[in-house]
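Architecture and fold: a report
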Amino acid sequence: MATITFQGKPINTCGELPAIGSQAPDFKLTNRKMQDVGLISFAGKRKLLNIVPSLDTPTCATSTRKFNEKAAHLHNTEVLVISADLPFAQVRFCEIEGIKHVGALSTFRSSFAQDYGVELLDSILAGLTARAVLVLDETDTVIHAELVAEIADEPDYAAALAALSKA
């Protein structure tokens, strides 16, 4: 279990992020077409997982927009925003915001939050995910992991992008 804060108050996650150097757990997430996808769907590509509580919050929306801007210039890389939002809401958000370089995936019928150790256990956000960024290489090895200490803060974009440039 990890402890982060929400508006300065401590909250707990169900576990720990996958460690750098470990193999990322496979997942089953739902895409915009209501299809289940897993790591195999992105085989041979580097992956940036931008894990957020909900796209309907300012910080989550900002991080998705910023990664969308950066993703346009990344070679052999899938940038994915993962949230508990339903795929319909994710599609609407991406269309309104002009998100073209980030794939949105939903945890709504998945154990992803538990498997990746990011499910929030307490506070009014219980059941949503903590804010985290993982970078995986082409073989799904974790090469960068950040659990954002204060859920209202943005992730360290430069560190995530630097990890991608080394992969």
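Residues numbered from 1 in each chain as written. Predicted model: local features only at pLDDT ≥ 70, side-chain atom pairs only at ≥ 80, totals over all residues. Heavy atoms only, no water.

In terms of helices and strands, the protein chain carries four helices and nine strands. When its helices and strands are written in sequence order, the protein chain yields β-β-β-β-β-α-β-α-β-α-β-β-α. In terms of C-alpha radius of gyration, the protein chain reaches 14 Å, essentially the compact-globule figure of 15 Å for 167 residues. Across the 167 residues of the protein chain, 51% fall into the buried class. Of all intrachain contacts in the protein chain linking residues separated by at least 6 positions in sequence, the fraction that spans at least 24 positions is 66%. As displayed, the protein chain offers around 7,700 Å² of accessible surface, 53% of which is attributable to carbon and sulfur atoms. Each charge class in the protein chain can be summarised by its mean position, and for the 15 positive and 20 negative side chains these summaries are 7 Å apart. (Helix = DSSP H or I, 4+ residues; strand = E, 2+ residues; numbered from the N terminus. Rg over C-alpha atoms; globule rule 2.2 N^0.38 Å. Buried < 20%, exposed > 50% of the residue type's maximum accessible area, 1.4 Å probe, protein only. Contact = heavy atoms within 4.5 Å. Areas by Shrake-Rupley, 256 points an atom, 1.4 Å probe, with all protein chains shown as cover. Lys, Arg positive; Asp, Glu negative; His and termini not counted. Charge placed at Lys NZ, Arg CZ, Asp CG, Glu CD.)

The subject of this paragraph is the packing of aromatic side chains. On inspection of all chains with the given rule, the structure shows four aromatic pairs. Relative to Phe112, the ring of Phe27 lies with its centre 5.8 Å away and its plane at 80°, an arrangement referred to as edge-to-face. Of this pair, Phe27 sits in the loop between β2 (9-12) and β3 (29-30) while Phe112 is found in helix α3 (residues 112-115), placing the two residues 85 residues apart along the sequence. Taken as a pair, Phe27 and Phe112 share a single burial class, namely buried. On the basis of an interplanar angle of 65° and a centroid distance of 5.1 Å, the ring pair of Phe67 and Tyr157 is categorised as edge-to-face. (Phe/Tyr/Trp six-rings, centres within 6.5 Å; stacked < 30°, edge-to-face > 60°.)

Another point: helix α1 (residues 58-71). The first and last C-alpha atoms of α1 sit 20 Å apart over 14 residues, in line with the 20 Å expected at 1.5 Å per residue. Buried residues of α1: Thr59, Cys60, Ala61, Thr62, Ser63, Thr64, Phe67, Asn68 and Ala71, and no others. Residues of α1 that are buried make contact with β5 (46-51), β6 (77-83), α2 (87-97), β8 (132-136) and α4 (157-166). (Expected span 1.5 Å × (residues − 1).)

For the rest of this paragraph, the subject is the pattern of salt bridges. Overall, the coordinates contain five salt bridges when judged by the stated rule. We note a salt bridge from Arg109 to Asp36, for which the minimum N-O separation is 3.3 Å. Pair noted here: Arg109 is in the loop between β7 (103-106) and α3 and Asp36 is in strand β4 (residues 36-37), with a separation of 73 residues, a long-range link. On the basis of relative accessible area, Arg109 is assigned to the partly exposed category, the value being 36%. The salt bridge involving Arg65 is made with Glu97; its shortest N-O contact spans 3.2 Å. One end of the pair, Arg65, is in helix α1; the other, Glu97, is in helix α2, and 32 residues separate them in sequence. Accessibility expressed as a relative area gives 33% for Glu97, which makes it partly exposed. (Salt bridge = Lys/Arg side-chain N within 4 Å of Asp/Glu carboxyl O.)

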